[in-house]
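Observations on the model geometry
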Amino acid sequence: MKNYYITTAIAYTSGKPHIGNIYEIILSDSIARFKRFQGYNVRFQTGTDDHGEKIEQKAIAKGQSPKQFVDDIANIIKDLWAKANISYDRFIRTTDADHEAQVQKVFEKLYNQGDIYLGSYEGLYCTPCESFWTESQLVDGKCPDCGREVKKAKEEAYFFRMSKYADRLVEYYNSHPEFVLPVSRKNEMVNNFINKGLQDLCVSRSTFKWGIPVNFDPKHVVYVWLDALTNYITGLGYDVDGNHDQLYKDFWPADIHVIGKDIVRFHIIYWPIFLMALGLPLPKQIYGHGWLLQDGEKMSKSKGNVMYFDDLASVFGADAVRYYVLSEMGFENDGSVGWESLTEKINADLANVYGNLVSRTIAMTNKYFGGKVANKNVCEDVDNGLKDVVTAAYNKVSEKMDNLKISDAIQEVMTIFRRANKYIDETCPWILAKEENKDRLETVLYNLCEAIVTGTTLLSSYLPTVAEKVVAMFNTTLKSEDGVKTFGVANEYTVTQTPEVLFPRLDIKDVLAKAEIIKQKQIEEYNRENGIVVEEPKPSKPTIEFADFEKVELKVGTIVNSEKVEGSDKLLKNTVKLGTETRTIVSGIAKTYSPEDVIGKQVVVVTNLAPRKLKGIMSEGMILCAYNDKTSDLALISPITEFKDGEEVS
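Rules and cut-offs
Residues numbered from 1 in each chain as written. Predicted model: local features only at pLDDT ≥ 70, side-chain atom pairs only at ≥ 80, totals over all residues. Heavy atoms only, no water. Helix = DSSP H or I, 4+ residues; strand = E, 2+ residues; numbered from the N terminus. Rg over C-alpha atoms; globule rule 2.2 N^0.38 Å. Contact = heavy atoms within 4.5 Å. Areas by Shrake-Rupley, 256 points an atom, 1.4 Å probe, with all protein chains shown as cover. Lys, Arg positive; Asp, Glu negative; His and termini not counted. Charge placed at Lys NZ, Arg CZ, Asp CG, Glu CD. 1 Å grid on protein atoms, 1.4 Å probe; cavity = no way out; pocket = protein on both sides within 12 Å on 5 of 7 lines; lining within 4 Å. Points joined across faces, edges and corners; volume = space filled by probe spheres on them. Nonpolar A, V, L, I, M, F, W, Y, C, P; charged D, E, K, R; others polar. Core = buried A, V, L, I, M, F, W, Y, C linked by side-chain atoms within 4.5 Å. Buried < 20%, exposed > 50% of the residue type's maximum accessible area, 1.4 Å probe, protein only. Pairing = 2+ DSSP bridges. Right-handed = clockwise from strand over helix to strand, strands pointing away. Arc of directions from axis to C-beta.

1. Examining the overall build of the protein chain
A count of helical and extended segments in the protein chain gives 21 helices and 26 strands. A globule of 650 residues ought to have a C-alpha radius of gyration of about 26 Å, yet the protein chain, at 35 Å, is considerably larger. Partitioning the contacts of the protein chain with sequence separation of at least 6, the portion at a separation of at least 24 is 75%. As displayed, the protein chain has an accessible area near 30,200 Å², and 48% of this comes from carbon and sulfur atoms. On the protein chain, the mean spot of the 78 positive side-chain charges and the mean spot of the 92 negative ones are 1 Å from each other.

Here it is, written out as structure tokens:
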């Protein structure tokens, strides 16, 4: 068997990954599963990036040690990977002892050979991205990667001589055009970083402690990218001294690193240069996929629009979510995910096309043949259309997978099921049953069973749990690679008497109701984590009849005189002209308005309010104001245009 090594970027343990983060893991898992199906000896590695300043800060804020904090998050991530049925071979952590030991040795080797040197750094630092930037690299004064604020930072640090290898890297790009996919990712990096002059890279930090210590200068810790990127070789048992494990000898160089487009720079510039400096072969390919956006925008917990795999799986099922994200994301472009789009696609593809086909075929096999059909080979021309689609599917799927066009590969599989549904309409098994054409009917149902099992086998890399359920319903197992290329090898199929409904049709109202509950929980969690107190809304006043409202008399008046009330810091004694009469009205507005502010202003007055004494002054009405409970802001209510004093407000 050929060896095949695939990795994902390791998840940063600052928090729970959302569906956009886990897309990459599902994508890589589907590739790994398909390669195993093709007979490859696959090594699939994923894991967590446990170090960094942001981790240290979050741990302190939570009252935990950094190790305890990252252990908790790593367990959450492992649980998510299990729910998504990720078939990894190693879950590496940058706090693993074997990784830390090799990172220290790598750092020292590069220092001893002159690729790393001690200097000092003064620049602009983005804490969330853990990246230093120059002024010219900022976009609108902010981090070009995440768009957040940067801060000035100065510290002693070790640097890697990136410029030493820049020409060699460009030469490698030119001689290996397949190295970076899509090509647009490479062109962007060359134009934005290499052509402008590749700057030396800061590879240590001395202002925080949560990292791998530099063994010959322990006040420094190895900076994130030299630490994190090295996991791809340490996870195989790479040893700086040459005492490599057999895994490293068998699987390096990696066949593919699967990463998000936001970290392409680190993987196609820094990582190859580190490997060149170590004298190691470069990975064969790096694929920078697009982002999965929530209905076209980035996800935010404060908005309640972050979508997590486990939440989605609780509503749609794990394999249905896998299907959606894999079929939605194109090779180069960003994708979109939303509650409504998920519902529509799962109903259309999985419930209507796939699930319905399985259900109809099993039901007819049970009804007409007691659950068992054999290949009677009573063939007609219409059968060839189905057989051709089924037998041609593997090569088409394989080609798409080789080119990393996963969504296109899935659609090739779905073509089998769509064609099989059409075949039912063409052959009309219910009519064959009435005509008592039993051998022809049995052949038709056998053909449908064969198409379903072949299609399900090809679908198993994307929907592994459902695929196993379906072939079990047909009392068989998934086919081999050779088996999916040939039609009619099985002699017979025996179907289950009580098939499971694979994908019940979803009601969008029910889905959105569940989504709203999830959204509210997110907002509450965000508020709790950030100490935001949301006041309960004041209860509404009881509804009144129009006749009750008509009892209130409102008139426009002008304040002709105003003075402070002795002994009170909030009351003003106002003289208000209301047409032919003048009234004294005491108002609690002195903290916002001085007497000079209100004289000459037109206001709205409740004129039929019973008089009452305030501080010994008889008040003959009420001046209306707007008041904000939270800010204590207060404003007199005045007509926009001038009215005659005494005119009624209605």
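Next comes the rest of the write-up.
2. A word on the layout of surface pockets
Its volume calculated, the second largest pocket comes out at about 780 Å³. Along the walls of the second largest pocket sit 33 residues, with W133, P144, D145, F193 and R265 positioned nearest its centre. For the lining of the second largest pocket, the elements supplying multiple residues, two or more each, are β6 (131–133), α6 (183–194), β9 (201–202) and α10 (264–278). Examining the composition of the lining of the second largest pocket, we find that 5 residues originate from one element, α6, more than from any other. By residue class, the composition of the lining of the second largest pocket is 17 nonpolar, 7 polar and 9 charged.

3. Overview of the nonpolar core
Counting 107 residues, the largest nonpolar core has I19, F316, Y462 and F474 as its most contacted members. Top contributing element to this core by residue count: helix α13 (residues 339–369), with 13 residues. Discounting residues that sit within four places of it in the chain, F316 has contacts with V321, W339, L342, T343, I346, L506 and V511.

4. So, the environment of G288
Positionally, G288 belongs in strand β13 (residues 286–289). The class of G288 is buried, set by a relative accessible area of 2%. The spacing of G288 and D245 is 43 residues in sequence and 29 Å in space, taken between C-alpha atoms. Not counting the four nearest positions on each side in its chain, G288 is found in contact with L181, P182, R185, I259, K261 and V264.

5. A look at the pairing of strand β12 (residues 256–260)
Of all 5 residues in β12, 5 are buried; the element is thus mostly enclosed. Residues I256, V258 and G260 of β12 are buried on one face, and the alternating residues H257 and I259, pointing to the opposite face, are buried as well. Alignment of strand β1 (residues 3–8) against β12, held across 3 bridges, turns out to be parallel. Note that in β12 the partner of I6 across the bridge is I256. Bridge count for β12 against β13 is 4 bridges, and the pairing is parallel. What sits directly across from I259, in β13, is G288. Traced from β12 through α10 to β13, the parallel crossover comes out right-handed.

6. Observations concerning helix α5 (residues 166–175)
For α5, the complete set of buried residues consists of A166, L169, Y172 and Y173. The arc that holds the buried residues of α5, viewed along the axis, is 120°, so those residues lie on one side. Exposed residues on α5 whose side chains face more than 90 degrees from its buried face are D167, E171 and N174. On its buried face, α5 is in contact with β8 (180–181), α6 and α10.

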